[in-house]
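# Descriptive structure summary
Single-letter residue listing:
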Amino acid sequence: MQAQVSQRVGRQTSGALTLEVLFRRHAQDVCRIVSRLLGPAASEADVDDLAQQVFIAIHKALPKFRGESEVTTWIYGISTRVVLQHLRGRRRYRAMIDRFEAASSFGPAANPTSPEETAAQRQALRRVWGALLRIKPERRVVFVLYEIEGLSAPEIAQALQISEDAVRSRLKRARRELADRLPPRKEGLR
Amino acid sequence: MSQDPVRQELELAKQAIEARTKPLSADRQARLWAQIEAAQSQPQGAAWWQSIRAFWSSRSFELSVGLAAAAAIALYVAIPKTPAAPTLTRGALFGGSAALSEGQTVPLKTTLKARAPARVQLAQAELRLEAGVQLELRTPRAVRVLSGGVLVWTDNQPISAQTQEATVEAVSARFRIARTPTFSEVTVHEGTVQLRRANGAMEQLKAPNRTRIPIEQISQTEPSKPAKKTAAVAPPAPVPALEPVSKPLARAPARPSKRTRKLAAPKAPAPGGPRTAPPPIAPKEARRKLAQARRIVRRDAPRARAMAEDVLDRSPPPAERIGALMVLADAHRREGRASKAATTYERVAKSPSAGRFLEEAILRQAELLLGMGQPTEAIAVLRANPIKSGLLAPERTALLADLHAAQGHPDKAAAALEAAPQLRAQAIWRARLKIAEALAPTNIARARTLLAPVVAHAPNIWASRARALLDAWAER
């Protein structure tokens, strides 16, 4: 359903694309993207603040939006730029890592009726994000957009306004760094 | 799962992330929207001053003398100083242009062209010119916008601002008037203005209000203008040129359209026979072409229209046919052909395959009919297709309420809003405020009821206005 709506919005012309319409359709998407780019230690307030900045940036960029990409791709790009800008402050970035490391857990799973979150999942989340946070933000966001959000390389290239080669290069380096930084496991995986 | 341990860990981490993804609650969404609206209303003034400072420090204000006229009455144009503004520097003379210096008098019928945002003081009004605007100063209290936009502040003296499609007269108001290649637009930010359309229709616009007038409206009242456009697509024109092969090239109009070239191409094998129908288009190719057309329709509407027409000519499947009609309608709208656009949207709305385009087609058709001065027909369109829910339900409901109110039926306008109590959106809050004010003189109880959801659910920017109205009515 969401994909169909996004696709339809991508076909609309500027007259119907107001900030409010975009908010109604994509607030969920923006909050999800921001929280995933920030990591599991980000609080709801952090996510809301950045989501607010994303929509303000969307409002400013809306007159220039020419429909050359799907609206969702365009929103991914703006969200990523806002998050990257937020993370560029070294103090802020450091605080985020400290908060991540201090967190003993990341809160309960959202849907209590879904299959119970396994201990292996929680452990993997901590290990993977602990390693990801030490990767350069530009590489990390490409990794997150590709591996977790499921965007394709051309979509990421369009969203971030970089070449596909740059996407692939950053992805490869992020994977290599992740593999290097993930400490060896004490117990095997199932 | 793959055997790579890193990949396995990543898959587990992804599962954990998915499990933690919470849907956005309605309260949190409302709170976030309120923050966005509040943030939007604040920084504009600061940003505007920044741009003014940047303008004074780097660019000159370009004045181009358009039509020569005897300087019977001089217009005093003063560029007011900001508290710490640098001294205005003179610019160079080029092509009949001159820079303005402070306090310089300007003859009538002077066209101002601003490269960057600027401010001009006019008698008792202030004009804030947007970058790129072309503005003609006609009298000390009348300006004409040729292209671009200008924000007008007027004190207790009247001012008239016009484009080719609309004339706005205002006292003690703040409004923006703009003209683009396809429409004129009036946005009222404070106070009330009188809008007179080129066809003579008059209406009062009270803040907040935005009204758009397609340029084709002029073409309906000035028949000489569309004659050039319609002649180019008149069916007999290409036919004589088809007989000899070389003649279409020799006699082709200065800008032969793709359609003309396509008509010329297949005539060679059968000069006296009918044009062979193009082969049906495959769904995938149709979708690809339409996606491309949608991407370019904003910046190149004629080309997008040609692409949509090409798809339609090739008997596409129903879903792609509807998509092509929507692109065609959008292109007509952007090219200023309001009547054709409305007709095409109507075709979509009446098609059983309209699907997810139905709502937008209805809304667009109604907006265009309103722009063409046909509010009754617009109401009929909105009421004939009452989709209760849908992404554009707030805009459709608000438009219906506005239409009823414009026709002098605030009670019907109120009924339209009351029939959709679940809708909560900016368009609805604006409509409720406007209709409540219109209804108050005759039915204050109903007006109060209309405002109750605004107070209860709307962001503060709207709720505070509703509370102000209710307080004002409390004494009644």
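Residues numbered from 1 in each chain as written. Chains lettered and ligands numbered in written order. Predicted model: local features only at pLDDT ≥ 70, side-chain atom pairs only at ≥ 80, totals over all residues. Heavy atoms only, no water.

A word on the overall build of chain B. A tally of helices and strands in chain B yields 19 helices and 16 strands. Classification of the 476 residues of chain B by burial places 43% in the buried group. Pairs at least 24 residues apart make up 50% of the contacts formed inside chain B by residues separated by at least 6 positions. (Helix = DSSP H or I, 4+ residues; strand = E, 2+ residues; numbered from the N terminus. Buried < 20%, exposed > 50% of the residue type's maximum accessible area, 1.4 Å probe, protein only. Contact = heavy atoms within 4.5 Å.)

Across its full length, chain A carries nine helices and zero strands. Mapped from its N terminus to its C terminus, chain A presents α and β elements in the order α-α-α-α-α-α-α-α-α. Residues classed as buried in chain A amount to 50% of the 190 residues present. Summing over all exposed atoms, chain A offers an accessible surface of approximately 9,400 Å²; the carbon and sulfur share of this is 49%. (Areas by Shrake-Rupley, 256 points an atom, 1.4 Å probe, with all protein chains shown as cover.)

Residue and element names in this part refer to chain B. Summarising the element assignment, R333 is placed in helix α11 (residues 318-334). Looking at R333, the relative accessible area reads 16%, which means it is buried. Engagement of the side chain of R333 in a polar contact is seen with the side chain of Y345, the distance being 3.0 Å. (Polar contact = N/O pair within 3.5 Å; in protein donor to acceptor, adjacent residues only side chain to side chain.)

V34, L38, F55, I58 and W74 of chain A are the most contacted members of the largest nonpolar core, which has 62 residues in total. Setting aside its immediate chain neighbours within four residues, F55 of chain A contacts L19, L22, F23, H26, A27 and V30 of chain A together with I36 of chain B. Ranked by size, the runner-up nonpolar core spans 28 residues in total, among them M326, A349, A378 and I379 of chain B. (Core = buried A, V, L, I, M, F, W, Y, C linked by side-chain atoms within 4.5 Å.)

Bringing unusual backbone geometry into the picture now. Residue and element names in this part refer to chain B. For S172, which is not glycine, the phi torsion reads 50° and is therefore positive. Of note, S172 is situated in the loop between β11 (166-170) and β12 (173-179). Of note in this structure, S315 is not a glycine but carries a positive phi near 45°. Checked against the element boundaries, S315 lands in the loop between α10 (301-313) and α11. The class of S315 is exposed, set by a relative accessible area of 53%.

Turning our attention to helix α19 (residues 460-473) of chain B. Residues and elements named next belong to chain B. Along its 14 residues, α19 runs 19 Å from first to last C-alpha, staying within 8% of the 20 Å computed at 1.5 Å per residue. Where α19 is concerned, the buried positions are W462, A463, A466, L469 and W473. Within α19, the buried residues cover an arc of 120° as seen down the axis, which keeps them to one side. Facing away from the buried side of α19, by more than 90 degrees, are the exposed residues N460 and D471. (Expected span 1.5 Å × (residues − 1). Arc of directions from axis to C-beta.)

A separate point is the pairing of β12 of chain B. All names here are of chain B. Burial analysis of β12 places six of its seven residues in the buried class, which makes it a mostly covered element. The pairing of strand β9 (residues 142-154) with β12 spans seven bridges and is classified as antiparallel. Across the sheet, V150 pairs through a bridge with I177, a residue of β12. As judged from the six bridges shared by β12 and strand β13 (residues 183-190), these two strands associate in the antiparallel manner. Across the sheet, residue I177 finds its bridge partner in β13, namely V186. Linkage of β12 to β13, two consecutive antiparallel strands, is achieved through a turn of three residues. (Pairing = 2+ DSSP bridges.)

So, on to the packing of aromatic side chains. Scanning the entire structure with this criterion turns up two aromatic pairs over all chains. Note on F23 of chain A and F55 of chain A: the rings are 4.9 Å apart at their centroids and 65° apart in plane angle, and the pair reads as edge-to-face. Separated by 32 residues along the polypeptide, F23 of chain A in helix α2 (residues 19-38) and F55 of chain A in helix α3 (residues 44-61) bring together distant segments of the chain. Accessibility expressed as a relative area gives 4% for F23 of chain A, which makes it buried. Ring geometry for F23 of chain A versus W33 of chain B: centroids 5.0 Å apart, planes at 40°, classification tilted. (Phe/Tyr/Trp six-rings, centres within 6.5 Å; stacked < 30°, edge-to-face > 60°.)

Moving on, we get to the confidence of the model for chain A. All names here are of chain A. Looking at chain A, the pLDDT average stands at 75 and 69% of residues meet or exceed 70. Per-element averaging of pLDDT across chain A places helix α1 (residues 2-11) at the bottom with 32 and α3 at the top with 88. Segment residues 1-15: pLDDT under 50, and 37 contacts once partners within four positions in sequence are set aside and those in other chains are kept. (pLDDT = per-residue confidence, 0-100.)

Per the stated rule, a full pass over the model turns up 31 salt bridges over all chains. Between D29 of chain A and R32 of chain A there is a salt bridge, with the nearest N and O atoms lying 3.1 Å from each other. Placement of both D29 of chain A and R32 of chain A in helix α2 is noted, with a separation of three residues, approximately one turn of the helix. The class of D29 of chain A is buried, set by a relative accessible area of 8%. Residue R333 of chain B pairs with D330 of chain B through a salt bridge whose shortest N-O separation is 3.4 Å. Pair noted here: R333 of chain B and D330 of chain B are both in helix α11, with a separation of three residues, about one helical turn. The residues R333 of chain B and D330 of chain B share a single accessibility class, namely buried. Several salt bridges converge on common partners, so that one network encompasses D29, R32, R36 and E149 of chain A. (Salt bridge = Lys/Arg side-chain N within 4 Å of Asp/Glu carboxyl O.)

It is worth spelling out helix α12 (residues 338-350) of chain B at this point. Residue and element names in this part refer to chain B. Compared with the 18 Å implied by 1.5 Å per residue over 13 residues, the 18 Å span of α12 between its first and last C-alpha is a close match. Within α12, burial applies to A338, A341, A342, T344, Y345, V348 and A349. One side of α12 holds all its buried residues, which, seen down the axis, span an arc of 165°.

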